[in-house]
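A structural walkthrough
Each chain is listed here by its residues.
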Amino acid sequence: MVTKKSNKPLIVSINSLFLGVVTFVCCYLILLSSTPLNVKPDLEALVGNPGSGNVNGVATSPSVGRSVRRAEEQSDFDALPDTSSTIDPPKRHAFTKSDDMKLIDQTIYMHGERLNFVVREEAHIGLIKAHVFRETAAYALLKDAVEQARRQKPEERPLVVDIGSNHGLFALFAARLGADVIAVEPQVELADLIEHSARTLNGNDVAERIKVYNYAVLSTREFVSMEGQEEGEGAAANVVRGDTAKPGMVETRPISDFISPDENRDIAFHKIDVEGFELHAIPSANKLFASRRARNVLIEYGPPNRWKVAKNTPAQGVQILADAKERFGFSVRLIDSEVWDKYVNKLDEGAKNAAGQNRMIPLETAKMREDLIQTMDGCPEGKGLPCEGYIWYTMEPGEQFSTFMSDCGLNKQYDKRLLPKKRKLRRTPDGIVSMGCEGTEMKGG
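Rules and cut-offs
- Position numbers for residues count from 1 along each chain, tracking the sequence in the order it is written.
- Note on the predicted model: pLDDT of at least 70 is required for a residue's local features to be given, and 80 or more for side-chain atom pairs to be given and counted; whole-chain, interface and lining totals, by contrast, use all residues.
- To obtain the side-chain values, all non-hydrogen atoms of the structure were included, while hydrogens and water were left out.
- Helix and strand labels come from DSSP, where a helix needs a run of H or I of at least four residues and a strand needs a run of E of at least two; each type is numbered from the N terminus.
- For every residue, the accessible area (1.4 Å probe, protein chains only) is compared with the maximum for its type, and the residue is labelled buried under 20%, exposed over 50%, or partly exposed between those bounds.
- Residue contacts follow a heavy-atom distance rule, with two residues in contact if any of their heavy atoms lie within 4.5 Å.
- We treat Lys and Arg as the positive residues and Asp and Glu as the negative residues; His and chain ends play no part in the count.
- By definition, a salt bridge exists where a carboxyl oxygen of Asp or Glu is found within 4 Å of a side-chain nitrogen of Lys or Arg.
- Side-chain atoms alone can form a polar contact between residues adjacent in sequence; in general such a contact is a pair of N or O atoms within 3.5 Å, and within protein one must be able to donate a hydrogen while the other accepts it.
- You can read pLDDT as the predictor saying how much it trusts each residue, on a scale of 0 to 100.
- Here the nonpolar core consists of buried residues drawn from Ala, Val, Leu, Ile, Met, Phe, Trp, Tyr and Cys, with membership extended through side-chain atoms lying within 4.5 Å.
- Strand pairing follows a simple DSSP-based rule, namely that at least 2 bridges must link the two strands.
- Lines fitted to C-alpha atoms define the axes, with helix axes restricted to the stretch in contact, and inter-axis angles between N-to-C directions lie between 0 and 180 degrees.
- In this scheme the crossing of two helices becomes right-handed for a clockwise turn of the near helix relative to the far one and left-handed for an anticlockwise turn of less than a right angle.
- Each residue receives one of three labels: charged for Asp, Glu, Lys and Arg, nonpolar for Ala, Val, Leu, Ile, Met, Phe, Trp, Tyr, Cys and Pro, and polar for the others, Gly being one of them.
- Should an angle lie under 35 degrees it is considered roughly parallel, over 145 roughly antiparallel, and from 65 to 115 roughly perpendicular; all remaining angles are considered oblique.
- Any two rings among Phe, Tyr and Trp, with Trp reduced to its six-membered ring, count as a pair given centres within 6.5 Å; such a pair is stacked if its planes are under 30 degrees apart, edge-to-face if over 60, and tilted if neither.

1. Thoughts on the overall build of the chain
- Counting secondary structure elements, the chain contains 17 helices and 19 strands.
- The burial tally for the chain puts 51% of its 445 residues in the buried class.
- Restricting to contacts in the chain with at least 6 residues of sequence separation, those with at least 24 account for 74%.

Here it is as structure tokens:
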């Protein structure tokens, strides 16, 4: 008698397996349908509870890396691809001097260095003189930073980055000091003036050291127009954002795009002067700052009423300074600038004395940074120069900056008790304008 094998266990096993697979797929589809495709980060996890240690709703804790604004926007340079792999590097400015270029030669002696440069109209020479007088301390920092870099690494040229070069005085000064310079200027007419000054007036060494780029700087790559170029040869032209590229517009790039992937040197001095768009431009150097290669950064900062055009807020201005200290390890300082005397007057006697002795004010706390913004915001609009501040980020807090610490590093006398040697503006018989400090003079060509 032959016994037949039953197929029931096999059938049951297949049915069980089938049901298990169906159940898994259904659960997966339900889970997938309930999860949004574009998951936003937990903002409270990124910035903390607004009621616990935040300044005006902006995080100030050292453990916090980003503000609410950065979490919501995708313009943060951290999210952009590396230039070396996906983006064509920016192209150097193609300068061709035309025969009808009518230029006025000028000579300036800045902290012992002779610079030759040009302006287009004689009426604009006064703007340059005012600039030199106002920013003598900034030039002193540049000189000290370049000399420090040369002492630390005598085998290589220091590297300087000048964002918002205007007529190119910072770039020319750095090149005369022996540095290689990356000069970025969005106004093509001013980019031409820098090239002309470097190539024809300052010798082959200076021309070889300066690379000029005709771009604007933002944290995103787009095209913008420049407004106000006709006033003072573009001394304070502003960026105007547009939707699409049109004739006359200029391309924008993040700051890090201008540093070649093959460039291994530290940046001895990095200037950022972008007329109110600094809160967009500064984050585009975040990768550079995180690498700790930018040793000294000088920023024309504010006032907050300028930021309105760029759609930035005072809270974002506070956060930028907090990031510099807490995220990237800079010592953040206010140096002599239009807001200096108003800010110093708010300090107690001990802090005033320290400011007079050190020629700078460390912005170490959230309150100090907030007070600075409030001081600038309280300046009357439309009267005289903008109430801006010059902010110095440094990785060298213990370094002695000898030129900066001398009386030449001061633009004006704020308190006779603290600064007994007032700088004077005078003229010599042959027409030289002297700033009253060693080697800071100006005359026509």
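2. A short note on the side chain of R333
- Note that R333 resides in strand β14 (residues 331–335).
- Summary of buried charges: R333 has no salt-bridge partner, and the nearest side chain of opposite charge, E364, is 6.2 Å away.
- Polar side-chain contacts of R333 include one of 3.1 Å to the backbone oxygen of P397.
- Every residue in contact with R333, bar those within four places of it in the chain, is listed here: M360, I361, P362, L363, Y390, I391, W392, T394 and P397.

3. Concerning the confidence of the model for the chain
- Of all residues in the chain, 65% have pLDDT values of 70 or greater, and the mean over the chain is 75.
- Predicted confidence is poor over residues 79–86, with pLDDT under 50, and the contacts of this stretch with residues over four places away or in other chains come to 13 contacts.
- Ignoring residues within four places in sequence, the model shows residues 408–440, a span with pLDDT below 50, making 82 contacts including any to other chains.

4. With respect to the environment of V217
- With respect to the helices, strands and loops of the structure, V217 is situated in strand β8 (residues 216–217).
- Sequence-wise, V217 and T252 are 35 residues apart; in three dimensions their C-alpha atoms are separated by 5.1 Å.
- In this view, V217 contacts I163, V184, R253, I255, F258, A281 and S284; residues no more than four positions away in its chain are not counted.

5. So, the nonpolar core
- If you look at the biggest cluster of nonpolar residues, it comprises 56 residues, and the most contacted ones within it are Y301, F330, L372, I391 and Y393.
- A per-element tally of this core places helix α13 (residues 314–326) first, with four residues.
- Residue contacts for F330: discarding those within four places in its chain leaves F289, A294, V297, A324, K325, Y393, T394 and M395.
- F117, A138, A174 and W392 belong to the second largest nonpolar core, which has 42 residues in total.

6. A word on the pairing of strand β13 (residues 296–301)
- Across the six residues of β13, six count as buried, placing the element largely inside the fold.
- Relative to β13, strand β12 (residues 267–272) is paired through three bridges, and the arrangement is parallel. Across the sheet, residue H270 finds its bridge partner in β13, namely V297.
- Taken together, the six bridges between β13 and strand β16 (residues 389–394) define a ladder with antiparallel strand orientation. Note that in β16 the partner of L298 across the bridge is W392.

7. Description of the packing of α13 against helix α16 (residues 366–377)
- Taken N-terminus to C-terminus, the directions of α13 and α16 make an angle of 145°; their axes are 10 Å apart at the nearest point. As α13 packs across α16, the resulting crossing turns out to be right-handed. Taken together, the residues of α16 that come into contact with α13 (itself represented by P314, G317, V318, L321, A322, K325 and E326) are R369, E370, L372 and I373.
- Residue composition of the contact of α13 with α16, by class: six nonpolar, one polar and four charged.

8. Details of the environment of A351
- Relative to the assigned elements, A351 resides in helix α15 (residues 349–358).
- Separated by ten residues in sequence, A351 and I361 have C-alpha atoms that sit 8.3 Å apart.

9. A closer look at the packing of helix α6 (residues 136–152) against helix α7 (residues 169–176)
- Direction vectors running N to C along α6 and α7 enclose 30°, while the axes themselves pass 10 Å from each other. Taken together, the axes of α6 and α7 lie roughly parallel to each other. In the packing of α6 onto α7, the handedness of the crossing is right-handed. Where α6 abuts α7, its residues A138, Y139, L142 and K143 lie against L169, F170, F173 and A174.
- Residue composition of the contact of α6 with α7, by class: seven nonpolar, no polar and one charged.

10. Regarding the sheet that holds strand β5 (residues 159–163)
- Reading across from one edge, β7-β6-β5-β12-β13-β16-β14-β15 is the order of the eight strands in this open sheet, with mixed pairing throughout. Only two strands of the sheet have a single neighbouring strand rather than two, namely β7 (210–213) and β15 (360–362). Averaged over all pairs of adjacent strands, the angle between their axes in this sheet comes to 20°, without regard to strand direction.

11. What about the environment of E263?
- Structurally, E263 can be placed in the loop between β11 (250–253) and β12.
- Apart from residues no more than four positions distant in its own chain, E263 is found in contact with L159 and R293.
- At 2.9 Å, the side chain of E263 forms a polar contact with the side chain of R265.

12. A closer look at the packing of aromatic side chains
- Counted according to the given criterion, the structure contains eleven aromatic pairs.
- Measuring from ring centre to ring centre gives 5.5 Å for Y213 and F258, while their planes differ by 65°; the resulting arrangement is edge-to-face. Placement of Y213 in strand β7 and of F258 in the loop between β11 and β12 is noted, with a sequence separation of 45 residues between them. Each member of the pair, Y213 as well as F258, carries the same accessibility label: buried.
- Centre to centre, the rings of F289 and F330 are 5.3 Å apart; their planes meet at 90°, and the pair counts as edge-to-face. Linking F289 in helix α11 (residues 286–290) with F330 in the loop between α13 and β14, this pair joins segments that are 41 residues apart in sequence.

13. Details of α7
- In terms of burial, α7 is a largely internal element, seven of the eight residues being buried.
- Turning to α7, its buried residues number three or more, namely L169, F170, A171, L172, F173, A174 and A175.

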